[in-house]
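So the chains spell out like this:
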Amino acid sequence: MSRPVRFNIYQKEADAKTAVSMTEAPEGYTGDGFFTTKLSDVVGLARKNSIWPLPFATSCCGIEFMATMGSHYDLARFGSERVGFSPRQCDLLMVMGTIAKKMAPVLRQVYLQMAEPRWVLSMGACASSGGIFDTYSVLQGIDQIIPVDIYIPGCPPRPEAVLDGFMRIQELVGQESIRRRNSEQYKGLLESYGIQ
Ligand code: SF4
């Protein structure tokens, strides 16, 4: 049975056995009739495959993100179909675009309104370092006001790079202990940003 794939020149045979990959099981011990693993691993598996992004898009990188959400790249394949614009419902802040210093307090407030656990992805040169806008009015990197987990280089990054950055966030989320947010190290990081 062949299935037409719109973006491919050559039609591909649909094969559920090889074309569909299942989410890998967490590490654990197996035996006849039992499987044991760690709670952290199970929670990490669920979290990493159901990330709700909050796109904070201020300029051209946001357009590239729209392409990433479109049917060709389709971020929904990673369990992130549900993009939200309420900080209280989202766990991944995706900052894309030039952040003016006037906008910085707003971005910080959005971050503060997100519940733990939360992660931050900085997309593109502007969000990560101010980019080409080395001026008095532009924040020279969002890590001056909030902690960042992953940076995506590029001006703008291609959707493939966005997907790569997103998958690195997934790795972090999947491996993170459910207690990391209570760790002294994490608390110290937040305190260094003046966040309680
Ligand atoms: S990094 Fe480049 S593409 Fe992205 S917002 Fe800045 S100028 Fe635009």
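Refer to the structure above for everything that follows.
Here is a short report on the structure shown in this document.

Parameters and conventions
All residue numbers here refer to positions counted from 1 along the written sequence of the relevant chain. Predicted model: local features are reported for residues with pLDDT of at least 70 only, side-chain atom pairs are reported and counted for 80 or more only, and whole-chain, interface and lining totals are derived from all residues. All axes here are fitted lines through C-alpha atoms, helices being fitted over the stretch that makes contact, and every angle between N-to-C directions spans 0 to 180 degrees. Each helix is a run of H or I in the DSSP string that is no shorter than four residues. Each strand is a run of E no shorter than two, and both are numbered from the N terminus. Oblique is the label for any angle not covered by the other classes, which are roughly parallel (under 35 degrees), roughly antiparallel (over 145) and roughly perpendicular (65 to 115). Should the near helix be turned counterclockwise from the far one by less than a right angle, the crossing is left-handed, whereas a clockwise turn marks it as right-handed. By definition, residue pairs are in contact when their C-beta atoms, positioned from the backbone, come within 7 Å. In this classification, Asp, Glu, Lys and Arg are treated as charged, Ala, Val, Leu, Ile, Met, Phe, Trp, Tyr, Cys and Pro as nonpolar, and every other residue, Gly included, as polar. Think of it this way: DSSP has to see at least two bridges between two strands before they count as a pair.

Attention shifts here to the packing of helix α2 (residues 39-48) against helix α6 (residues 159-175). Relative to each other, α2 and α6 sit at 155 degrees, their axes nearing to 7 Å. With respect to their mutual orientation, α2 and α6 come out roughly antiparallel. Considering how the two elements wind past one another, α2 and α6 form a crossing that is right-handed. Contacts between α2 and α6 involve G44, L45, R47 and K48 on the former and, on the latter, Q170, V173, G174 and Q175. Broken down by class, the residue content of the contact of α2 with α6 amounts to 2 nonpolar, 4 polar and 2 charged.

In this section: the sheet that holds strand β6 (residues 92-96). Strand pairing in a sheet relies on backbone hydrogen bonds, with the paired strands running either antiparallel or parallel. Reading across the sheet, the 4 strands line up as β5-β6-β7-β8 and stay open at both edges, with parallel pairing between neighbours. Whereas interior strands pair on both sides, the edge strands pair on one side only; in this sheet they are β5 (53-57) and β8 (150-152). Strand-to-strand twist of the sheet, defined as the mean angle between neighbouring strand axes without regard to direction, takes the value 20 degrees. Of the pairings in the sheet, the one linking β5 to β6 comprises 5 bridges and is parallel in character. Looking across to β6, one finds that P55 is bridged to M94. Together, β6, β7 (119-123) and β8 form the strand contacts of α6, whose direction differs from that of β7 by roughly 160 degrees.

Limitation: the analysis is restricted to geometry and does not speak to function.
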